[in-house]
Number of protein chains: 4
Amino acid sequence: MVQYEHKVQYYETDKMGVVHHSNYIRWFEECRVDTMEKEGYSYQRMEKEGIICPVVSVSCKYVSMTEFGETVVVFPKVEKFNGVRLALSYVVKNKETGEIRCTGESSHCFLNAKGNPANLKKINPECYEMFEKLQKKTSL
Amino acid sequence: MVQYEHKVQYYETDKMGVVHHSNYIRWFEECRVDTMEKEGYSYQRMEKEGIICPVVSVSCKYVSMTEFGETVVVFPKVEKFNGVRLALSYVVKNKETGEIRCTGESSHCFLNAKGNPANLKKINPECYEMFEKLQKKTSL
Amino acid sequence: MVQYEHKVQYYETDKMGVVHHSNYIRWFEECRVDTMEKEGYSYQRMEKEGIICPVVSVSCKYVSMTEFGETVVVFPKVEKFNGVRLALSYVVKNKETGEIRCTGESSHCFLNAKGNPANLKKINPECYEMFEKLQKKTSL
Amino acid sequence: MVQYEHKVQYYETDKMGVVHHSNYIRWFEECRVDTMEKEGYSYQRMEKEGIICPVVSVSCKYVSMTEFGETVVVFPKVEKFNGVRLALSYVVKNKETGEIRCTGESSHCFLNAKGNPANLKKINPECYEMFEKLQKKTSL
């Protein structure tokens with residue numbers, strides 16, 4: 001299964017004693033970047049070829065609190081992908097117990113070097129294929 | 001109108017050259033805290049009386065990119081409040097142009113000192129009233 | 001006196017219940033940016049003219065702990081400036097009590113559009129003058 | 001050799017296109033926490049036994065810029081330890097090339113459950129020993 005592990009850092013906690021809610025949004029990003037790299041087309045390479053993939057929307061439902069020092073596993077799933085739009089969902093679980101920490105979603109578009117919306121299938125077929133394969137892989 | 005101003009910091013940007021998407025979630029929090037203080041019942045006071053108000057869910061739609069150095073204004077609105085649950089929406093605009101940067105929502109519950117869900121009306125009527133008034137104020 | 005006010009945010013705290021030590025380094029940056037703007041030559045303008053001013057070193061001594069919700073005042077001082085190097089020191093105090101929270105320093109160089117070290121006096125006399133005046137102002 | 005690996009995240013960069021200088025301070029913390037865990041006495045355990053270890057001072061010299069996506073290795077060294085005070089130094093290198101990214105230091109004290117300075121040797125001999133061994137190990 002496609003997954004990404006994150007060790008919870010002290011600076012990610014707040015005075016409530018657990019992880020601050022904004023950090024889960026950052027873990028989603030860590031997961032996207034890690035997954036792209038593992039699937040053979042890194043975010044860095046995509047950016048070097050002049051494509052950026054901004055976040056259009058994000059959401060998160062907090063299910064249980066995450067403690068400093070625990071390891072969480074983020075499971076990503078490509079919900080939609082057509083070369084123009086990309087939608088992902090995430091489930092974050094405590095690695096040891098499997099307890100769900102949160103679920104979330106993010107949606108993205110692709111911009112070319114001029115900052116205009118672009119179809120990945122046309123401007124970067126190899127990267128397009130990677131996302132297509134990832135969609136199949138995470139839909140099983 | 002209820003509003004909160006935030007000056008965009010350099011460390012809030014990323015290599016895309018604009019504000020990283022996770023920071024808007026933090027601005028929503030800044031806005032909540034500032035609004036509570038202005039309305040006469042600060043978050044600090046609420047916490048000192050043993051009540052915490054964790055984020056149950058959050059979402060954000062990114063409309064336009066925010067640059068380093070600009071001032072944004074966050075307009076909060078209490079969408080729902082019954083003493084047990086609190087839902088807020090936010091519109092973030094560029095202060096000068098009024099251009100919308102993002103819209104978002106957050107929902108919250110209230111926990112007592114033992115970490116159990118609580119009804120604010122019972123355990124803290126003064127804080128309850130503040131939220132009720134804020135709801136009216138932001139619904140106009 | 002040259003000074004910068006910062007309201008301490010919830011997300012700046014950690015599970016120790018007070019501000020995480022890394023955030024003071026960010027407040028120094030906030031202070032630099034704010035001071036440059038007030039003195040008439042903003043960091044944004046400097047960057048737009050192709051100059052960047054990276055941090056070469058930074059240090060901080062933590063004197064007392066900073067609580068969520070308090071307002072701190074950062075007092076900057078230009079310790080050295082010759083157009084090639086810039087060194088600043090900072091004192092951070094609780095606004096109400098004047099109690100010192102931390103003291104710190106940062107040193108900087110100037111890079112031109114090609115990323116090479118540059119003498120601000122030659123490539124941007126107006127910005128150079130601003131720092132020179134600031135040095136005098138903060139040395140009184 | 002004692003070392004800690006960190007994968008550089010997108011949200012750690014700023015509009016200069018490289019890692020924001022404040023994040024290195026966080027990597028030092030990540031390194032401390034990881035090292036304590038590997039050496040057999042985790043920071044979590046120490047905190048659970050009522051001891052906290054605040055940062056008294058920190059410094060960092062930035063040698064070269066760190067890019068998104070690279071892996072850095074942090075090499076910690078216990079410079080001083082007597083049960084009352086702890087001083088560490090760090091060297092951060094690019095994992096592939098060995099190029100030095102920065103060097104830094106942090107110093108710490110130990111506080112007991114009442115928030116008073118404490119001698120680790122007296123209040124927690126096992127944790128004391130761990131740091132003593134770590135000092136020897138990192139002095140070779």
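See the structure shown above.
These remarks concern the structure in this document.

Scoring rules and cut-offs
Residues numbered from 1 in each chain as written. Chains lettered and ligands numbered in written order. Predicted model: local features only at pLDDT ≥ 70, side-chain atom pairs only at ≥ 80, totals over all residues. Heavy atoms only, no water. Salt bridge = Lys/Arg side-chain N within 4 Å of Asp/Glu carboxyl O. Helix = DSSP H or I, 4+ residues; strand = E, 2+ residues; numbered from the N terminus. Buried < 20%, exposed > 50% of the residue type's maximum accessible area, 1.4 Å probe, protein only. Least-squares fit on C-alpha atoms with pLDDT ≥ 70 in both. Contact = heavy atoms within 4.5 Å. Buried area = accessible area lost by both parts, 1.4 Å probe. Polar contact = N/O pair within 3.5 Å; in protein donor to acceptor, adjacent residues only side chain to side chain. Pairing = 2+ DSSP bridges. Axes fitted to C-alpha atoms, helices over the stretch in contact; angles between N-to-C directions. Expected span 1.5 Å × (residues − 1). Arc of directions from axis to C-beta. Phe/Tyr/Trp six-rings, centres within 6.5 Å; stacked < 30°, edge-to-face > 60°. Lys NZ or Arg CZ within 6 Å of the ring centre and 35° of its normal.

**Description of the pattern of salt bridges**
Counted under the stated rule, the structure contains 36 salt bridges over all chains. For Glu 5 of chain B, the salt bridge identified is with Lys 95 of chain B, shortest N-O distance 3.3 Å. Residue Glu 5 of chain B is found in strand E1 (residues 4-7), and its partner Lys 95 of chain B is found in the loop between strand E4 (85-94) and strand E5 (100-109); the two are separated by 90 residues along the sequence. One salt bridge in this structure joins Lys 38 of chain D and Asp 34 of chain D, with 2.7 Å as the shortest N-O distance. Placement of both Lys 38 of chain D and Asp 34 of chain D in helix H1 (residues 22-38) is noted, with a separation of 4 residues, approximately one turn of the helix. Under the relative-accessibility criterion, Asp 34 of chain D is labelled buried at 19%.

**Quick notes on the relation of the copies chain A and chain C**
Both copies of the chain are tied together by a single rotation about an axis and a shift running along it. Relative to chain C, chain A is turned by 180° and slid 0.0 Å along the rotation axis, the superposed coordinates differing by an RMSD of 0.0 Å. Put plainly, the chains are arranged around a two-fold axis. Measuring from the rotation axis to each C-alpha of chain A, the shortest distance belongs to Asp 14 of chain A, at 1.9 Å.

**What about the side chain of Ser 42 of chain A?**
Residues and elements named next belong to chain A. Mapping Ser 42 onto the fold places it in the loop between helix H1 (22-38) and helix H2 (43-48). For Ser 42, a relative accessible area of 15% translates into the label buried. Those residues in contact with Ser 42 that sit more than four places away from it in its chain are Met 36 and Glu 37.

**Quick word on the interface of chain A and chain B**
Between chain A and chain B, the contact holds 24 residues from the first and 24 residues from the second. Between chain A and chain B, the buried area comes to about 1900 Å², and carbon and sulfur atoms account for 58% of it. Sorting the residues of chain A by area buried against chain B places Met 16, His 21 and Arg 26 of chain A first, and these three jointly supply 25% of that buried surface. At the junction of chain A with chain B, the criterion picks out 2 salt bridges. Linking Glu 47 of chain A and Lys 15 of chain B is a salt bridge whose minimum nitrogen-to-oxygen distance equals 2.4 Å. Put simply, chain A and chain B have 12 residue pairs in polar contact (both at pLDDT 80 or more) between them.

**Description of the side chain of Thr 13 of chain A**
Turning to its location among the elements, Thr 13 of chain A is positioned in the loop between strand E1 (4-7) and H1. Within the structure, the side chain of Thr 13 of chain A is placed 2.6 Å from the backbone oxygen of Tyr 10 of chain A, a separation counted as a polar contact. Separated by 3.0 Å, the side chain of Thr 13 of chain A and the backbone nitrogen of Lys 15 of chain C make a polar contact. Not counting the four nearest positions on each side in its chain, Thr 13 of chain A is found in contact with Val 18, Val 19, His 20 and Phe 68 of chain A together with Thr 13, Asp 14 and Lys 15 of chain C.

**Focus: the sheet that holds strand E3 (residues 71-81) of chain C**
Read across the sheet, 10 strands follow the order E1(C)-E3(C)-E4(C)-E5(C)-E2(C)-E2(D)-E5(D)-E4(D)-E3(D)-E1(D) without closing on themselves; strand pairing throughout is antiparallel. In this open sheet, the two strands that pair with only one neighbour each are strand E1 (4-7) of chain C together with strand E1 (4-7) of chain D. Here the average twist between neighbouring strands, direction ignored, is 20°. Taken together, the 9 bridges between E3 of chain C and strand E4 (residues 85-94) of chain C define a ladder with antiparallel strand orientation. Bridge pairing links Phe 81 of chain C to Leu 86 of chain C in E4 of chain C.

**Structural notes on the relation of the copies chain A and chain B**
The two copies are related by a screw motion: chain A maps onto chain B through a turn of 180° and a shift of 0.0 Å along the axis, at an RMSD of 0.0 Å. Taken as a fraction of all interface residues of chain A, those also at the interface in chain B reach 100%, which identifies the copy contact as same-surface.

**Side note on helix H4 (residues 125-139) of chain D**
Residues and elements named next belong to chain D. End to end, H4 covers 21 Å across 15 residues, agreeing with the expected 21 Å (1.5 Å per residue, within 8%). When we look at burial in H4, the residues that qualify are Cys 127, Tyr 128, Met 130, Phe 131, Leu 134 and Thr 138. For H4, the angular spread of buried residues about the axis comes to 160°, placing them on one side. In H4, the exposed residues that point more than 90 degrees away from the buried face are Lys 133 and Lys 136. Buried-residue contacts for H4 involve H1, helix H2 (43-48), strand E3 (71-81), strand E4 (85-94) and helix H3 (120-123).

**Thoughts on the packing of aromatic side chains**
When we look at a pair of aromatic rings, we describe it by the centre distance and by the angle of the planes. Under the defined criterion, the tally for this structure stands at 40 aromatic pairs over all chains. Ring geometry for Phe 81 of chain B and Tyr 128 of chain B: centres 5.1 Å apart, planes at 40°, overall tilted. Taken as a pair, Phe 81 of chain B in strand E3 (residues 71-81) and Tyr 128 of chain B in helix H4 (residues 125-139) lie far apart in primary sequence, 47 residues in all. For Phe 81 of chain B, a relative accessible area of 11% translates into the label buried. Pairwise contacts between aromatic rings join Phe 81, Phe 110, Tyr 128 and Phe 131 of chain A into one cluster. Geometry around Phe 75 of chain B places Lys 93 of chain B over its ring, the cationic atom sitting 5.4 Å from the centre.

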